[in-house]
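# Examination of the molecular architecture
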Amino acid sequence: MREFDIIVYGATGYTGRLVAEYLASAYAGKPHPTWAMAGRSLDKLAEVRDLIGAPADTPLVTANADDTASLAAMCERARVIITTVGPYQLYGSDLVAACAAAGTAYVDLCGEPAWMRQMIDAHEAKAKETGARIVFSCGFDSIPFDLGVLTLQEAARAKFGHPCPRVKGRVRHMKGTFSGGTAASLKATLAAAAKNPMLLGLLTNPFALTPGFTGPSQPKGMLPEFDKTIESWVAPFVMAPINTKNVHRTNFLLDKAFGADFVYDEMMVAGLGEMGKAAAEMIARINPLASDKGPKPGEGPTKEQRDTGSYDILFIGEMPGGERIDCVVTGDRDPGYGSTSKMIAEAAICLVEDVPDAAGGIWTPGAIMGAPLRTRLIERAGLTFTA
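The following paragraphs examine the structure supplied in this document.

Calculation notes
- Residues numbered from 1 in each chain as written.
- Predicted model: local features only at pLDDT ≥ 70, side-chain atom pairs only at ≥ 80, totals over all residues.
- Heavy atoms only, no water.
- Core = buried A, V, L, I, M, F, W, Y, C linked by side-chain atoms within 4.5 Å.
- Buried < 20%, exposed > 50% of the residue type's maximum accessible area, 1.4 Å probe, protein only.
- Helix = DSSP H or I, 4+ residues; strand = E, 2+ residues; numbered from the N terminus.
- Contact = heavy atoms within 4.5 Å.
- Polar contact = N/O pair within 3.5 Å; in protein donor to acceptor, adjacent residues only side chain to side chain.
- 1 Å grid on protein atoms, 1.4 Å probe; cavity = no way out; pocket = protein on both sides within 12 Å on 5 of 7 lines; lining within 4 Å.
- Points joined across faces, edges and corners; volume = space filled by probe spheres on them.
- Nonpolar A, V, L, I, M, F, W, Y, C, P; charged D, E, K, R; others polar.
- Axes fitted to C-alpha atoms, helices over the stretch in contact; angles between N-to-C directions.
- Parallel < 35°, antiparallel > 145°, perpendicular 65-115°, else oblique.
- Left-handed = near helix turned anticlockwise from the far one by under 90°.

## Quick look at the nonpolar core
Ranked by size, the top nonpolar core spans 103 residues in total, and within it Tyr-9, Met-74 and Phe-136 carry the most contacts. Broken down by element, this core gets its largest block of residues, nine residues, from helix H13 (residues 335-353). Other than its neighbours up to four places away in sequence, Phe-136 contacts Val-96, Tyr-106, Asp-108, Cys-110, Trp-115, Met-116, Met-119, Ile-362, Trp-363 and Pro-365.

## Quick word on the environment of Arg-333
Inspection of the secondary structure assignment puts Arg-333 in the loop between strand E12 (324-331) and H13. Considering only alpha carbons, one finds Arg-333 and Arg-374, 41 residues apart in sequence, at a separation of 17 Å. For Arg-333, the residues in contact, after removing those within four places along its chain, are Arg-306, Asp-307, Gly-309, Ser-310, Tyr-311, Gly-338, Ser-339 and Lys-342. For Arg-333, the side chain forms a polar contact with the side chain of Asp-332, separated by 3.3 Å.

## Considerations on the environment of Met-222
Inspection of the secondary structure puts Met-222 in the loop between helix H9 (198-204) and strand E8 (225-227). Linking Met-222 and Ala-184, residues 38 residues apart in sequence, is a C-alpha distance of 21 Å.

## Focus: empty space enclosed by the protein
Inspection of every chain in the model, using the stated rule, returns one cavity of 30 Å³ or more. Estimated volume of the largest cavity: approximately 40 Å³. If you trace the largest cavity, you find it lined by Met-116, Ile-120, Phe-136, Leu-209, Asn-246, Arg-249, Ile-362, Trp-363 and Thr-364. Of all the secondary-structure elements, those providing two or more residues to the lining of the largest cavity are helix H6 (113-130), helix H10 (240-253) and strand E13 (361-363). Within the lining of the largest cavity, the residues separate by chemical class into six nonpolar, two polar and one charged.

## Brief notes about the packing of helix H3 (residues 68-77) against helix H5 (residues 93-102)
Pairs of packed helices are described in terms of their axes, by the angle between the two and the distance that separates them. The geometry of H3 relative to H5 is characterised by a closest axis approach of 9 Å and an angle of 40 degrees between their N-to-C directions. It follows from the interaxial angle that H3 and H5 lie oblique. Our pair here, H3 against H5, has a crossing hand that is right-handed. Of H5, the residues touching H3 (which contributes Thr-68, Leu-71, Ala-72, Met-74, Cys-75 and Glu-76) are Asp-94, Leu-95, Ala-98, Cys-99 and Ala-102. Grouping the constituent residues of the contact of H3 with H5 by class yields eight nonpolar, one polar and two charged.

Here it is, written out as structure tokens:
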């Protein structure tokens, strides 16, 4: 038996603090999950524990990305490690290795596909051997999209008898900011690609996370276009390069449950007519993660800003005969912080309570947790899935 169900590693950072605060409030007074806060400084951990109103006896654990022994010791104490310490390509590799070696489950907020593929190649065999369940991208990238497609395909099989070979993800509304960590991850990814051009191949390959499998040609999603399916102009969506790769990996891990010919893309809905076209062109010219005006890692919006954020995503499934089926996913907080902190916490609890016997390996949320995670997010995390 492990000492804790969950350790929140990085609890003194902005997002890690939100995760700890969620556990302290949503599961106050409950015997499970048992959890602890981890970081470099016990003094800072104690300060955050008191600020978020966690019980005074909440355990504190010292761990540092630069100290592999401390990471190994932390992993031995928990069933699941939640890590918000990114960019993961700079600070996460040793922790993945430690979890894989110890048979400890792992969840993160990673949106760094080249690094994820490197971790798959390096550690998936060990994770399968030890039973470690490594799950990347357990926040806004990519749970709403991963589970949205899964939900739509379940509905398609029920209605048509087989999955839709073509699915479109269309972000209709998104109020809130991307996290400072997301922006830092993008900058770290671009810097790594500049030093190692081979990484560009992974970043641009829709099937970078499906070793040994390549499906049909996929839409690029890099230019504005008029989408006849929804009669609206659409624009590039900045998170699509990671979300689409995760969705294809889910299909891969579920033995092509969406079909070997599955085609998927994501775009932002810009609007109708000439105004919609102009908006789509403007969105295409702006990279919201490139600005220095957004939050830095460790910073973020106010509670009011988090609480008043939201998002709405339409998924459209198209059948060869022209039939269509839709699924809508919504979230009741800003995507980058409020909703993400709830999603990763519930994903960790889902691994402990709902799918404790799932096999080891490097997974996506949809492939390993699927319907149980969706139920948990609906009941506890403010998401809806309507198909």
